[in-house]
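Structure assessment
As a plain string of letters, each chain reads:
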Amino acid sequence: MSSENSSADDEQRVWDVVVVGAGPAGASAAYAAAVAGRSVLLLEKAELPRYKTCGGGIIGPSRDALPPGFELPLQDRVHAVTFSLDGKFTRTRRSKQMLFGLINRPEFDQQLVEHAQKAGAELRTGVTVSRVEQHGSAVPDRRTVAVVLQGGEAVLARAVVGADGSASRIGAHVGVKLDQVDLGLEAEIPVPETVAEDWQGRVLIDWGPMPGSYGWVFPKGDTLTVGVISARGEGAATKRYLEDFIARLGLAGFEPSISSGHLTRCRADDSPLSRGRVLVCGDAAGLLEPWTREGISFALRSGRLAGEWAVRIAEAHDAVDTRRQALNYAFAIKAGLGVEMAVGKSMLAAFERRPGMLHAAITSFRPAWRAFAGITRGSTTLGELVRSHPMAGRALSALDRRSAVAATTVAESTPTTE
């Protein structure tokens, strides 16, 4: 275990903010609280840097949420996207401006943590959180939260931010409820220089064979990140999709350096974001874009907000003020990320039923391509598109309604057996 401060000091000290999890959400929360001048402890169960299953695409909203002076460790800059519909109807769209960048998560996460440390946050790695207590013998007063580690050590704080991933213990404490769970499978495939050159500056997005599924190829120097995602419960079909996808791309002869899987979990609309002096953000809160399952920008943005409001909660002297600040945090999340998630759910519903229509729109209808490019660059979001372009909102609603009617008609006309 590495530590930036002794565990003996932790037992005596009450931190202003303790952040659990040193991914993009946790590092952003720690940075935001530390830059406000508060004492911050960042806890991480792994040793850094560590691998995470993730495509590593950095879209505009992610870039805009980074700390000042952060230099992205880009492996490639994407100017072209090749779209296919389960391997067919392939078409490439290009842009003179960079659409988004590609990073490796170990380097990216490590750099975010270093920025938090430079702002004043302290780091402890190799520690696992067992539970959080807001009442009981481990808690000296009503303004304090105890973060209990494996082995029994209690770290005390005025506020806690849970950023410990999609299987979050802090999320369980808060009572996070999930509405959508998907399985992502990914392979990191080293390739020869001639193959790497063919992919440089270009990604592939393949709308997959199962409802709501898609695959991707993200080039990162001499390695291609190849992955697929679909609804949980389709594990065997998802594995076959990845195998077929890799074979179709002519990459089956190259041995992956890493093969991994990961569950993404999307929050229900009424899921809580806090409990007492504890907030959750990022994957721990089930915050991600439901259609693409993009999570880095949601982690960075929600982490920053969680850090800012954790500072206010740390300063709260009673339960009423604590509750007020927690509600303000929830409002900030729902007013921004919540709107994007609502539109994303509508997009996913339409995509699950009519993937061919979406593919045709993006590859053949210039306004749809411009919207896609604008979202990836960060000049707009799904929510802003619907708000500022009524026609887009009406088209999405109409497509969703037509798809729902079609699905109902098919279901009603299908014979059933008793």
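All figures in this text were calculated on a predicted structure; none of them were measured in a lab. (Residues numbered from 1 in each chain as written. Predicted model: local features only at pLDDT ≥ 70, side-chain atom pairs only at ≥ 80, totals over all residues. Heavy atoms only, no water.)

Moving on, we get to unusual backbone geometry. Put simply, Leu48 and Pro49 share a cis peptide bond, and its omega is -5°. In this fold, Pro49 is placed in the loop between strand S2 (40-44) and strand S3 (57-58). One non-glycine residue, Asp86, lies in positive phi territory at about 50°. With respect to the secondary-structure elements, Asp86 resides in the loop between strand S5 (80-85) and strand S6 (88-94). (Helix = DSSP H or I, 4+ residues; strand = E, 2+ residues; numbered from the N terminus.)

In this model, helix H2 (residues 24-35) (twelve residues) spans 16 Å end to end at C-alpha, consistent with the 16 Å of a helix rising 1.5 Å per residue. The buried fraction of H2 amounts to eleven of the twelve residues, a majority that puts the element mostly inside the structure. Along H2, the residues that are buried comprise Pro24, Ala25, Gly26, Ala27, Ser28, Ala29, Ala30, Tyr31, Ala32, Ala33 and Ala34. Looking at the buried side of H2, the elements it contacts are strand S1 (14-20), S2, helix H4 (105-118), strand S11 (154-162) and helix H8 (296-315). Residue Gly37 follows H2 closely and has a positive phi angle near 90°. (Expected span 1.5 Å × (residues − 1). Buried < 20%, exposed > 50% of the residue type's maximum accessible area, 1.4 Å probe, protein only. Contact = heavy atoms within 4.5 Å.)

Turning to the pairing of strand S10 (residues 145-149), a few remarks are in order. Within S10, five of the five residues are buried, leaving the element largely enclosed by the surrounding structure. Across the two faces of S10 the burial is the same, with Val145, Val147 and Leu149 and Ala146 and Val148 all buried. By the bridge criterion, four bridges tie strand S9 (residues 129-133) to S10 in an arrangement that is antiparallel. Within S10, the position partnered with Arg131 by the bridge is Val148. As judged from the four bridges shared by S10 and S11, these two strands associate in the antiparallel manner. For Val147, the partnering residue across the bridge sits in S11 and is Val155. Connecting the antiparallel pair S10 and S11 is a turn made up of four residues, with Gly151 showing a positive phi of about 105°. (Pairing = 2+ DSSP bridges.)

Oppositely charged side chains are able to pair whenever their charged atoms sit close together. Summed over all chains, the structure comprises 18 salt bridges. Among the ionic pairs, Arg248 bridges to Asp86, the shortest N-O distance being 3.4 Å. On the criterion of sequence distance, the pair formed by Arg248 in helix H7 (residues 235-248) and Asp86 in the loop between S5 and S6 is long-range, its members being 162 residues apart. Judged by relative accessible area, which is 27%, Asp86 ranks as partly exposed. Lys177 is the partner of Asp270 in a salt bridge, and the nearest nitrogen-oxygen pair spans 2.9 Å. Within this pair, whereas Asp270 is found in the loop between strand S16 (258-267) and strand S17 (274-275), its partner Lys177 is found in the loop between helix H5 (169-174) and strand S12 (178-190), the two being separated by 93 residues in sequence. Residue class for Lys177 comes out partly exposed when judged on its relative accessible area of 37%. Among the charged side chains, a salt-bridge network with shared partners connects Glu44, Arg50, Arg105 and Asp109. (Salt bridge = Lys/Arg side-chain N within 4 Å of Asp/Glu carboxyl O.)

Scanning the entire structure with this criterion turns up twelve aromatic pairs. A centroid spacing of 6.2 Å and a plane angle of 15° characterise the contact between Phe83 and Trp207, whose relative ring orientation is stacked. With Phe83 in strand S5 and Trp207 in strand S13 (residues 202-207), this pair connects stretches of sequence that are 124 residues apart. Comparing Phe83 with Trp207, the two get one shared label, buried. A centroid spacing of 6.1 Å and a plane angle of 15° characterise the contact between Trp207 and Trp291, whose relative ring orientation is stacked. (Phe/Tyr/Trp six-rings, centres within 6.5 Å; stacked < 30°, edge-to-face > 60°.)

Okay, the sheet that holds strand S7 (residues 100-102) next. Pairing is antiparallel across the open sheet formed by three strands, whose spatial order is S3-S7-S4. Of all the strands in the sheet, the pair left with one neighbour each is S3 and strand S4 (76-78). In this structure, S4 lies alongside S7, joined through three bridges in antiparallel fashion. By the bridge assignment for S7, Arg77 is matched with Gly101.

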